[in-house]
Amino acid sequence: MPRLAALTEAARALPGCLHSEDFVALESDSQFLHVELWETPGAWDAAYAARTEALTALAYRLEFYKFARFAPTGPAWVAVDSDARGDTLRWPAAPGPIRILIQVTGDPTDPAQPLVALSSGTREEEGCLEFIFFRSVDFPENLALLESWASPAIYDRHWQFRLSQNSPPPPPAPERRYGETTFEWYPECHFILKNGCWVAEEPAKRMDTVFW
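Within any chain, residue numbers begin from 1 and follow the written order of that chain's sequence. In view of the model being predicted, local features appear only for residues whose pLDDT reaches at least 70, and side-chain atom pairs are presented and counted only at 80 or more, with totals across whole chains, interfaces and linings using the full set of residues. Hydrogens and waters are ignored; side-chain quantities use all the structure's heavy atoms.

Observations regarding the overall build of the protein chain
Here is step 1 of the chain: From N to C terminus, the protein chain includes 5 helices and 10 strands.
Here is step 2 of the chain: Using C-alpha atoms as the atom set, the radius of gyration is obtained and then compared with a globule rule of 2.2 Å times the number of residues to the power 0.38. For a compact globule of 212 residues, the expected C-alpha radius of gyration is about 17 Å, and the protein chain comes in at 18 Å, within 12% of that figure.
Here is step 3 of the chain: Seen through its principal axes, the protein chain has C-alpha atoms that stretch 50 × 45 × 30 Å.
Here is step 4 of the chain: Each residue is placed in one exposure class: buried if its accessible area under a 1.4 Å probe, protein chains only, is under 20% of its type's maximum, exposed if it is over 50%, and partly exposed if it falls in between. Buried residues in the protein chain amount to 33% of all 212 residues.
Here is step 5 of the chain: Residue burial considers only the protein chains on display, and all accessible areas are found by Shrake-Rupley using a 1.4 Å probe. Put simply, the protein chain shows about 13300 Å² of open surface, and 58% of that area lies on carbon and sulfur atoms.
Here is step 6 of the chain: Counting rule applied: Lys, Arg positive; Asp, Glu negative; His and chain ends not counted. Charge positions come from single atoms, namely NZ of Lys, CZ of Arg, CG of Asp or CD of Glu. Measuring between centres, the 18 positive side-chain charges of the protein chain sit 3 Å from its 30 negative side-chain charges. Strands here are runs of E lasting at least two residues and helices are runs of H or I lasting at least four, both read from the DSSP assignment and numbered beginning at the N terminus.

Structural notes on the sheet that holds strand β5 (residues 98-105)
Here is step 1 of the chain: Strands pair, by our definition, only if DSSP identifies at least two bridges between them. Across the sheet, 6 strands lie side by side as β2-β1-β6-β7-β5-β8; this open sheet has antiparallel pairing. The open sheet is flanked by β2 (32-38) and β8 (182-187), the only strands paired with a single partner. Here the strands of the sheet are splayed against their neighbours by 25° on average, with no regard to which way each runs.
Here is step 2 of the chain: Strand direction decides the pairing type here: strand β1 (residues 17-25) and strand β6 (residues 128-136), joined by 3 bridges, are antiparallel. Directly across from A25, in β6, lies its bridge partner F134.
Here is step 3 of the chain: Packed onto the sheet, helix α5 (residues 152-164) meets β5, β6, β7 (142-149) and β8 and runs at close to 130° relative to β7. Between the N-to-C directions of two axes lies an angle of 0 to 180 degrees, each axis being a line fitted to C-alpha atoms and, for a helix, fitted only over the stretch in contact. By definition in these notes, contact holds between two residues if any of their heavy atoms fall within 4.5 Å.

Some words on the environment of A59
Here is step 1 of the chain: Along the chain, A59 falls in the loop between α3 (52-58) and β3 (70-73).
Here is step 2 of the chain: Taking C-alpha positions, A59 is 39 Å from N166, a pair spaced 107 residues apart along the chain.

Quick notes on the nonpolar core
Here is step 1 of the chain: Core analysis: the largest hydrophobic core is formed by 15 residues, its most contacted members being W38, W44, Y48, L55 and W198.
Here is step 2 of the chain: Of all elements in the fold, only α1 (2-12), α2 (41-48) and β10 (197-200) reach the threshold of two or more residues within this core.
Here is step 3 of the chain: Ranked by residues supplied to this core, first place goes to α2 with 4 residues.
Here is step 4 of the chain: The residues touching L55, leaving out its near neighbours within four places in the chain, are L7, W44 and Y48.
Here is step 5 of the chain: Nonpolar cores are built from buried Ala, Val, Leu, Ile, Met, Phe, Trp, Tyr and Cys residues. Side-chain atoms within 4.5 Å join them into one set. Residues A79, I102, C128 and W185 belong to the second largest nonpolar core, which totals 14 residues.

Examining α5
Here is step 1 of the chain: Taking 1.5 Å of rise per residue, 13 residues should cover 18 Å, and α5 covers 18 Å from first to last C-alpha, within 8% of that figure.
Here is step 2 of the chain: Residues I154, Y155 and H158 constitute the buried set of α5. Viewed along the axis of α5, the buried residues span an arc of 100°, placing them on a single side of the element.
Here is step 3 of the chain: Close packing links the buried residues of α5 with β4 (76-79), β5, α4 (113-122), β7 and β8.
Here is step 4 of the chain: After α5 finishes, the residue N166 shows a positive phi value of roughly 50°. Multiply 1.5 Å by the residue count of a helix minus one, and that product is the helix's expected span. Our arc is simply the arc of the directions from the helix axis toward the C-beta atoms.

Re the packing of aromatic side chains
Here is step 1 of the chain: Pairing of aromatic rings covers Phe, Tyr and the six-membered ring of Trp, with a centre-to-centre limit of 6.5 Å; geometry is then stacked below 30 degrees between planes, edge-to-face above 60, and tilted otherwise. According to the stated counting rule, one finds 14 aromatic pairs in the structure shown.
Here is step 2 of the chain: One aromatic cluster in this structure is built from F70, W77, W149, Y155, W159, F183 and W185.
Here is step 3 of the chain: In this structure, R12 is placed above the aromatic ring of Y178, and the distance from its NZ or CZ to the ring centre is 4.8 Å. Counting as a charge over the ring demands two things of the Lys NZ or Arg CZ atom: a distance within 6 Å of the ring centre and an angle within 35 degrees of the ring normal.

Okay, here's the thing in structure tokens:
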């Protein structure tokens, strides 16, 4: 944990780092989540060289995504950035698992049991691969929810079921001292280090003639 904290603090001091934060799972104090957001790919590249050894030594699993923020619009989640969506065109959902990262705030004095029970119950749903709440180490009012669903169709069924429950609105959230409240959706992809570059772990997701 001290090495992870040192990595996080060092990242916050680097140019282009918008967010670097560590979280610990509500259900297990040995499970951690580290989240970073960089202003540009160039900022990440410039910072990465000095952190290669630390990242590879600490990370059990690494995922990289082009930041995309979503907001609820009726029964669906819609990209906030208007340049990332269109009114007359919908890009196809990528096959395979869906990764979701939600960052919100909550009263750190509230008992964790309701969130733990929600996690446990949700993981029993068909196709739920991961559903874990984490609390920030440095800013305990910050919560992160990490979800993984086996396919877009399975997530659709999950979300439609949740909407049908007519759950009461959450209580007012504490003010955030660090980072932003975000709702993020991505085609899940794990990365490995190959020839000095992080690439998709699954060969089928890599190309030698096109670099996205």
